[in-house]
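Given next are the chains, with one letter for each unit.
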Amino acid sequence: MKNKIIVTGGCGYIGSHTVIELIENNYTVIILDDLSNSTEETLHRIEKITNVKPSFINIDLKDELKTKKVFKEHKDAKAVINFAAHKAVGESVQKPLMYYKNNLYSLINTLTALTENTINGFIFSSSATVYGTPKSLPITEQSKTQRPFSPYGNTKKIAEEIIDDLIKSETNLSAISLRYFNPIGAHESGLIGELPSGIPNNLMPYITQTAVGIREKLMVYGNDYPTKDGTPIRDYIHVVDLAKAHVLAVERIIKNQQEKPFEIFNLGTGNGFSVLDIINSFEEVTNSKLNYEITDRRAGDVPKLFASIDLVKNKLGWKPSKSLNEMIKSSWDWERKLNDKS
Ligand code: WQD
């Protein structure tokens, strides 16, 4: 019997890559998604890659009754991976209530349904944004969390606190929160990747959309930070490496290998690259020039952020395998396929 895993937000960027890794590791996957920032086409693409079409239920997890009903039907699931959330930082500043409602109602309903049906494993998609402006680098899981700049980020911090409180009350629930640094890249098939709706907030899709001609010019938000070239430093991580960590987290929960019922791991590479490093690597990988301009700082950006990944290496046995150039190349291949140019 294959183990069944429920993946909320499984049609999204990180969710869809994780579904592929789960299927390739012999899990049965049930995707719950409201397609608010993804498309059903992703399911066909997952099938093309894996030869398995995952079960899909179109559901808004803000609907408590429907959520409970679906989880009851799949109470034999071994774990739930929670990707379902809005993630646009700028939009969350404009529409905070929409973010708190969506990200937290759906989380609370999911956790309620999960505990009612004694599904005892939960993996949460968190973010390095919970560390705010770090006091020292690299950031370990012991670093203090701070109130994130954006409502989006705050939903991640509050969500972790909700899970922590629940775990303290529920003896049978085990959870792992994975704090992502900056996920980029796409599946090697070029069939799935990031599909930002509207103008991208994040650096990588903005670069690839500029290079392909959708955007005129990349704005580099500030070159007066206290870093080697003045542009902010981040820890970019390949989405496929990230996806593989979720499979290991599932295994850790199923095999009862956790050292405590709620564990938190950073997911990055441990390497920091500046915005100009990314642009230079992109130009090298694609052998082209990118149109960009240095402009004012963006509110809320911190100068430097990169992870310590010792804990996740030691406990989960995970390590990143892809280089920055591989990340950039796969993002570029995906963008070109999406726009049907070669
Ligand atoms: C990276 C660097 C920008 C766009 C955000 C979220 C975080 C996480 C990942 C999401 C920064 C610069 C960007 C552009 C630029 N989670 N930049 N021009 O801000 O590190 O993290 O995304 O789900 O929670 O906060 O990532 O890709 O937006 O920016 O110069 O057009 O690129 O200033 O230094 P960030 P990013």
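None of the values given here were measured: they were computed from a predicted structure.

Chemist: Tell me about empty space enclosed by the protein, residues and numbers included.
Modeler: Scanning the model with the defined rule gives two cavities of 30 Å³ or more in all. If you go around the largest cavity, the residues you meet are Y13, I184, G185, E194, P196, M204, P205, T208, S331, W334 and E335. Breaking the lining of the largest cavity down by element, the ones donating at least two residues are α7 (203-212) and α11 (324-338). Its residues assigned to classes, the lining of the largest cavity shows six nonpolar, three polar and two charged. Here the lining of the largest cavity gathers at least three residues from each of two domains, domain 1 (4-185 + 236-267) and domain 2 (203-234 + 270-341). Considered as a void within the structure, the second largest cavity measures approximately 50 Å³ in volume. Lining the second largest cavity are N82, A84, A85, N103, L104, L107, F124, T155, K156 and A159. Elements with a contribution of two residues or more to the lining of the second largest cavity: α5 (96-116) and α6 (151-169). Residue classes in the lining of the second largest cavity are distributed as six nonpolar, three polar and one charged.

Chemist: Account for the nonpolar core, with residues named and values stated.
Modeler: As a rule of thumb, soluble globular proteins bury nonpolar side chains together. Counting 47 residues, the largest nonpolar core has I5, L22, I123, L178 and L267 as its most contacted members. For this core, the element with the highest residue contribution is helix α8 (residues 239-254), accounting for eight residues. Shared between two domains, this core takes at least three residues from each, and those domains are domain 1 (4-185 + 236-267) and domain 2 (203-234 + 270-341). Apart from residues no more than four positions distant in its own chain, L22 is found in contact with I5, V7, Y27, V29, I81, V247 and V250. With 25 residues, the next largest nonpolar core counts I59, I119, F124 and F262 among its residues.

Chemist: Please give an account of the sheet that holds strand β4 (residues 79-82) that cites residues and values.
Modeler: Read from one edge of the open sheet, seven strands run β3-β2-β1-β4-β5-β6-β11, paired in parallel fashion. Strands with a single pairing partner mark the edges of an open sheet, and in this sheet they are β3 (55-58) and β11 (262-267). Geometrically, the sheet is characterised by an average inter-axis angle of 20° between neighbouring strands, direction not taken into account. In this structure, β4 lies alongside strand β5 (residues 121-127), joined through three bridges in parallel fashion. Bridge assignment links N82 to a residue of β5, and that residue is F124. Of the strands in this sheet, β1 (4-8), β2 (28-33), β4 and β6 (174-180) touch helix α1 (residues 13-24), which is tilted by about 165° from β2.

Chemist: Can you explain the site of the ligand? Please cite residues and give values.
Modeler: Around the ligand lies a shell of 20 residues, among which L203, M219, R234, R298 and D301 are the nearest. One of the side-chain nitrogen or oxygen atoms of N202 is found 2.9 Å away from an oxygen atom of the ligand. At a separation of 2.9 Å, an oxygen atom of the ligand approaches a polar side-chain atom of R298. Where the shell around the ligand is concerned, the elements lending two or more residues are α7 and β8 (218-221).

Chemist: Summarise the pairing of β5; cite the residues concerned and give the values.
Modeler: Burial within β5 is extensive, with seven of its seven residues counted as buried. Along β5, one buried face is formed by G121, I123, S125 and S127 and the opposite face, lined by F122, F124 and S126, is buried too. With seven bridges connecting them, β5 and β6 associate as parallel partners. In the sheet register, F122 faces β6, and the bridge partner there is A175. Considered for its hand, the β-α-β crossover made up of β5, α6 and β6 is right-handed.

Chemist: Account for the domain arrangement of the protein chain, with residues named and values stated.
Modeler: When cut into domains, the protein chain gives domain 1 (4-185 + 236-267) and domain 2 (203-234 + 270-341). Computed over C-alpha atoms only, the centres of domain 1 and domain 2 are separated by 24 Å. Each partner contributes to the roughly 2700 Å² buried at the junction of domain 1 and domain 2, and carbon and sulfur atoms together form 71% of this total. When the buried surface of domain 1 facing domain 2 is broken down by residue, Y236, H238 and D241 rank first, second and third, together holding 26% of it.

Chemist: I'd love a proper account of the packing of aromatic side chains, names of residues and values included.
Modeler: Ring pairs (aromatic) are described by centroid distance and by the angle formed between their planes. All told, the structure shown has two aromatic pairs when counted by the stated rule. Here the aromatic rings of F282 and W332 are separated by 5.4 Å at their centres, their planes lie at 85°, and the arrangement is edge-to-face. With F282 in helix α9 (residues 275-286) and W332 in helix α11, this pair connects stretches of sequence that are 50 residues apart. Comparing F282 with W332 shows no difference in burial state: the two are buried. Here the basic side chain of R297 rests over the ring of Y225, its NZ or CZ set 3.9 Å away from the ring centre.

Chemist: Explain the environment of T227 residue by residue, including any values.
Modeler: Tracing the sequence through the fold places T227 in the loop between β8 and β9 (233-234). When neighbours within four sequence positions are excluded, T227 is seen to be in contact with P232, I233, P303 and K304.

Chemist: I'd love a proper account of the pattern of salt bridges, names of residues and values included.
Modeler: Under the definition given, this model contains 23 salt bridges. The residue K68 makes a salt bridge to E116 at a minimum N-O spacing of 3.2 Å. One end of the pair, K68, is in helix α3 (residues 64-73); the other, E116, is in helix α5, with 48 residues separating them in the sequence. Accessibility expressed as a relative area gives 23% for K68, which makes it partly exposed. Looking at E116, the relative accessible area reads 47%, which means it is partly exposed. Members of the salt-bridge network, linked through shared partners, are E64, K68 and E116.

Thresholds applied
Residues numbered from 1 in each chain as written. Predicted model: local features only at pLDDT ≥ 70, side-chain atom pairs only at ≥ 80, totals over all residues. Heavy atoms only, no water. 1 Å grid on protein atoms, 1.4 Å probe; cavity = no way out; pocket = protein on both sides within 12 Å on 5 of 7 lines; lining within 4 Å. Points joined across faces, edges and corners; volume = space filled by probe spheres on them. Helix = DSSP H or I, 4+ residues; strand = E, 2+ residues; numbered from the N terminus. Nonpolar A, V, L, I, M, F, W, Y, C, P; charged D, E, K, R; others polar. Domains from an automatic or database assignment. Core = buried A, V, L, I, M, F, W, Y, C linked by side-chain atoms within 4.5 Å. Buried < 20%, exposed > 50% of the residue type's maximum accessible area, 1.4 Å probe, protein only. Contact = heavy atoms within 4.5 Å. Pairing = 2+ DSSP bridges. Axes fitted to C-alpha atoms, helices over the stretch in contact; angles between N-to-C directions. Near = heavy atom within 4 Å. Polar contact = N/O pair within 3.5 Å; in protein donor to acceptor, adjacent residues only side chain to side chain. Right-handed = clockwise from strand over helix to strand, strands pointing away. Buried area = accessible area lost by both parts, 1.4 Å probe. Phe/Tyr/Trp six-rings, centres within 6.5 Å; stacked < 30°, edge-to-face > 60°. Lys NZ or Arg CZ within 6 Å of the ring centre and 35° of its normal. Salt bridge = Lys/Arg side-chain N within 4 Å of Asp/Glu carboxyl O.

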